[in-house]
Amino acid sequence: MASMEEFHPDPRIPRQLVDFLIANYSVPKACFSKPPAASQLPQQLDTLHLCTFGILTILVIISLILYLEEAFYLRKKVLCPVKRKTLLWSSASPTIIAIFSCFGLWIPRASMFVDIAIGTYFAICFYLILTVIIEGFGGKDTLVKKMENTDVNINTGPCCCCCPCLPRIKLTKRKVTIFTLGVIQMAFLKPIFSFIGLFLWADGIFNPDDISAQSLALWMGTIIGVSTIIALWPIGILFRQAKIHLNDQNIGAKFAVFQILLILTTLQASIFSILAGAGQIPCFPPYSSKARSQLMNNNLLIVETFLLSIVARNAYRIKDEEAGFSFKSQRM
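Residues numbered from 1 in each chain as written. Predicted model: local features only at pLDDT ≥ 70, side-chain atom pairs only at ≥ 80, totals over all residues. Heavy atoms only, no water.

1. Points about the overall build of the chain
So, step 1. Within the chain one finds 11 helices and zero strands.
So, step 2. For the chain, the sequential pattern of α-helices and β-strands runs α-α-α-α-α-α-α-α-α-α-α.
So, step 3. Burial statistics for the chain: of 332 residues in total, 45% are counted as buried.
So, step 4. By sequence separation, contacts in the chain at least 24 residues apart represent 75% of the contacts at least 6 residues apart. (Helix = DSSP H or I, 4+ residues; strand = E, 2+ residues; numbered from the N terminus. Buried < 20%, exposed > 50% of the residue type's maximum accessible area, 1.4 Å probe, protein only. Contact = heavy atoms within 4.5 Å.)

2. A few points about empty space enclosed by the protein
Where empty space is left becomes clear once a probe the size of a water molecule has been rolled over the atoms.
So, step 1. For the coordinates displayed, the defined rule picks out three cavities of 30 Å³ or more.
So, step 2. In this structure, the largest cavity spans a volume of roughly 60 Å³.
So, step 3. As for the largest cavity, its lining consists of Ser90, Ser93, Phe122, Cys125, Ile129, Lys254, Val257, Phe258, Leu261 and Tyr316.
So, step 4. Of all the elements in the fold, those that place two or more residues in the lining of the largest cavity are helix H6 (111-137) and helix H10 (251-277). (1 Å grid on protein atoms, 1.4 Å probe; cavity = no way out; pocket = protein on both sides within 12 Å on 5 of 7 lines; lining within 4 Å. Points joined across faces, edges and corners; volume = space filled by probe spheres on them.)

3. Comments concerning the UniProt feature "transmembrane region" (unreviewed entry) in the chain
So, step 1. Under the local residue numbering, the UniProt record ascribes the feature "transmembrane region" (unreviewed entry) to residues 47-67, 87-107, 113-137, 176-201, 216-239, 251-276 and 296-316.
So, step 2. In residues 113-137, the share of helix is 100% and the share of strand is 0%. The end C-alpha atoms are 37 Å apart.
So, step 3. Along residues 251-276 the backbone is 100% helical and 0% strand, and the end-to-end C-alpha distance reaches 37 Å. (UniProt positions renumbered as here; feature names shortened; annotations may be inferred.)

4. Brief notes about unusual backbone geometry
So, step 1. Unusually for a residue other than glycine, asparagine 250 sits at a positive phi of about 55°.
So, step 2. Within the element layout of this structure, asparagine 250 appears in the loop between helix H9 (216-245) and H10.
So, step 3. A relative accessible area of 29% places asparagine 250 in the partly exposed class.

5. A few points about the confidence of the model for the chain
Detailed reading of predicted coordinates is not advised where the pLDDT is low.
So, step 1. When pLDDT is averaged along the chain, the result is 81, and 83% of the positions lie at 70 or above.
So, step 2. By mean pLDDT, helix H1 (residues 15-24) is the weakest element of the chain at 61, and helix H5 (residues 93-106) is the strongest at 93.
So, step 3. Low pLDDT, under 50, characterises residues 1-5; the stretch is placed with five contacts to residues that sit more than four places away or in other chains.
So, step 4. The model gives residues 325-332 a pLDDT under 50, and that stretch makes 15 contacts with residues more than four places away or in other chains. (pLDDT = per-residue confidence, 0-100.)

6. Details of the packing of helix H3 (residues 47-77) against helix H4 (residues 81-91)
So, step 1. Viewed as axis vectors pointing N to C, H3 and H4 meet at an angle of 170°, and their least axial separation amounts to 10 Å. Comparing the axis directions of H3 and H4 gives the class roughly antiparallel. The segment H3 lies against H4, with Tyr67, Glu70, Ala71, Leu74 and Arg75 engaging Arg84, Leu87, Leu88 and Ser91.
So, step 2. Grouping the amino acids of the contact of H3 with H4 by side-chain chemistry returns five nonpolar, one polar and three charged. (Axes fitted to C-alpha atoms, helices over the stretch in contact; angles between N-to-C directions. Parallel < 35°, antiparallel > 145°, perpendicular 65-115°, else oblique. Nonpolar A, V, L, I, M, F, W, Y, C, P; charged D, E, K, R; others polar.)

7. Section: the packing of aromatic side chains
So, step 1. One pass over the structure, following the stated rule, counts seven aromatic pairs.
So, step 2. Ring centres 5.4 Å apart and planes at 15° place the aromatic pair phenylalanine 122 and phenylalanine 258 in the stacked group. Of the two residues, phenylalanine 122 sits in helix H6 while phenylalanine 258 sits in helix H10, which places them 136 residues apart along the sequence.
So, step 3. We classify phenylalanine 122 as buried; its relative accessible area is 4%.
So, step 4. Their ring planes at 15° and their centres at 4.0 Å tell us that phenylalanine 239 and phenylalanine 255 sit as a pair that is stacked. Residue phenylalanine 239 is found in helix H9, and its partner phenylalanine 255 is found in helix H10; the two are separated by 16 residues along the sequence.
So, step 5. Three or more aromatic residues joined by ring pairs make a cluster, and in this case those are Phe122, Phe126, Phe239, Phe255 and Phe258.
So, step 6. The ring centre of tyrosine 73 lies 4.0 Å from the NZ or CZ of arginine 317, which sits over that ring. (Phe/Tyr/Trp six-rings, centres within 6.5 Å; stacked < 30°, edge-to-face > 60°. Lys NZ or Arg CZ within 6 Å of the ring centre and 35° of its normal.)

Here it is, written out as structure tokens:
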């Protein structure tokens, strides 16, 4: 049973109603309390749940082993050190997200920190996938040179997919730099807003579950949403060219892993949160409705990222003897 220090009813529900439901309808107090601490979890879960947690943890370990094998291969077979580092960080995204989700599984009270860690890392993945595309061409200079006789279509999603009247453009170093800055702003804003929200949460000002018009969470989330759309636009523009010229580098599969992770880390988590807020996910002691939605999201994320880690291994495990950027003289 939850102690009074852990008893935090939903502020939208009157405390008198909460006490009435507990006293007269035998609603478990756990439905209005914090999730169990990590040390309490083994005693409060049944054998089936513990076995499920164990299987999911094994999947995370296998995903990590697959990534380490892939990383060893890339260190030997990718000659350019700049490109190698980018590929190592980008291909790690399913495994890193799986590890964070596993922490959320075994330490349910850290769910907000897990969400911040996943969101921060994946914001950096926006820049990484753009760099993978640019380095796939051989660097910014080579990209511009290859595209000098090509009119690039910019009416792509999510910003301008419904604007066929937009003119085609010629790629220049300045425009590629602008595209890069459009992606970097997302990789910069998301971590900054996450840490601001963390500090405000510690002071009791910020509540990520509060989506009222007066809440900071709503406005910060709106800004991040606009920032995400802006960042996806230049990536989509360059990917259209990359899938034509970089087919031998599995750029389509690499981009597919990025897109699926984007959906899983944003849309899927939002759906579970909305369902919990609407009361569609019932309380199941020792988890409240909100904590159970986070648990379900973590369970699914681990399975999904395990499958994506297999796809990522096949997509990134390619021998590459070409140099990226201007490092043509650097060989290992």
